[in-house]
Amino acid sequence: PVLAPPIIMSALKSIRSIVLASYPELWMYTGFLFIFGALVAIKGGSSPSLHILPYLLWFFPGANLFGMLLNDYFDQSLDGHNPRKTKPKLQPREYVYGIAAALLSYVAIAVIFPDFYAAVLVAVAVAANAAYSIPPLRLKEHPPFDVLGGPASYLSALLAGYVVAGGFGPHPVAAVAG
C-alpha cells in the first residue's frame, strides 16, 4: 500500500536528512541556554508572555539548523574525507533549503512576536555563524578567532532568553557590545 505520493515521500526523506544533519543531539546547547536566560529573568521578577514559546522553539532547532548546516555547507569538500563525519551527506540544495527554512522561521517569529532586543541578539548569532563559516572571512581557519563562533551563538541564546522573558533589554545588550 502506498502511504503518500512519491513527491511527498521524497520531501519527507529530505526533511529528515536535513534535520539529522543539523546535529539534533547538540540543539540543547542553545536551547537550554535560552531557557537559563529566561529563568534568570523570571527569578528577577519578570513575568514572560506566551510569545516566549516560539523563540524557545527557534533556539532549539532553528538556530542549530542555521549554524550547523551553514558550517557544513562550506565544509563539504573537507567533510567528504573525514571518517568522523557520520551525519547524512546532503545535496547542496538541501543545505540551502535547511538554512533558508531556519532563517525564514525566525523572520516569521520576529514579525508575529516582535522583540527588538531578541532580534539584535539573533542577528549577532547569525553574523557570528556566518563569519565563522563563510569565506573569505571564515574565522574557523584563523586562530585565535576560530574560538569566537560558539561563544557568540551561546551568549546570544542566553541573553535572548533573558530579554524575551521580560528581563531588562539594554543592559545585557550593552554588556555584549562592550
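Notes on the structure follow. Numbering of residues starts from 1 in every chain and runs along the sequence as written. Thresholds applied to this predicted model are a pLDDT of at least 70 for local features of residues and 80 or more for the giving and counting of side-chain atom pairs; totals over whole chains, interfaces and linings are not thresholded and use all residues. No hydrogens and no water enter the side-chain calculation; it runs on all heavy atoms of the structure.

Re helix H5 (residues 92-112)
Across its 21 residues, H5 extends 30 Å between first and last C-alpha, which sits within 8% of the 30 Å expected from 1.5 Å per residue. Within the span of H5, buried status applies to Glu94, Tyr95, Gly98, Ile99, Ala102, Tyr106 and Ile109. Each buried residue of H5 lies within a common arc of 140° when the element is viewed along its axis, so the set occupies one face. The exposed residues of H5 that point more than 90 degrees off its buried face are Leu104, Val111 and Ile112. Note on contacts: a residue pair qualifies if any of its non-hydrogen atoms lie within 4.5 Å across the two residues. The helix and strand labels rest on DSSP assignments: H or I over at least four residues marks a helix, E over at least two residues marks a strand, and numbering proceeds from the N terminus. Along its buried surface, H5 packs onto helix H1 (6-21), helix H3 (52-74), helix H4 (76-79) and helix H6 (116-133). By this rule the span expected of a helix is its residue count minus one, scaled by 1.5 Å. Classification of residues uses two cut-offs on accessible area relative to the type maximum, computed with a 1.4 Å probe and protein chains only: under 20% is buried, over 50% is exposed, and between them is partly exposed. The directions from the helix axis to the C-beta atoms form the arc being described.

Concerning the layout of surface pockets
The way it works is a 1 Å grid over only the protein atoms, where trapped points that fit a 1.4 Å probe form a cavity and open points with protein on both sides within 12 Å along at least five of seven lines form a pocket, and then any residue with an atom within 4 Å of a point lines it. Grid points are joined across faces, edges and corners, and a volume is the space filled by probe spheres set on the points. Taken as a whole, the largest pocket spans an internal volume of roughly 350 Å³. In terms of lining, the largest pocket is formed by 22 residues, of which the most central are Met68, Asn129, Gly150, Ser153 and Tyr154. Taken together, the elements giving at least two residues each to the lining of the largest pocket come down to helix H2 (27-43), H3, H6 and helix H7 (149-164). The biggest single contributor to the lining of the largest pocket is H3, with 8 residues. Estimates place the volume of the second largest pocket at around 200 Å³. Lining the second largest pocket are 15 residues, with Ile18, Leu65, Gly98, Ala101 and Ala102 sitting closest to its centre. At the level of secondary structure, the elements contributing two or more residues to the lining of the second largest pocket comprise H1, H3 and H5. Three classes are used: nonpolar for Ala, Val, Leu, Ile, Met, Phe, Trp, Tyr, Cys and Pro, charged for Asp, Glu, Lys and Arg, and polar for all others, with Gly counted as polar. For the lining of the second largest pocket, the per-class residue count stands at 12 nonpolar, 3 polar and no charged.

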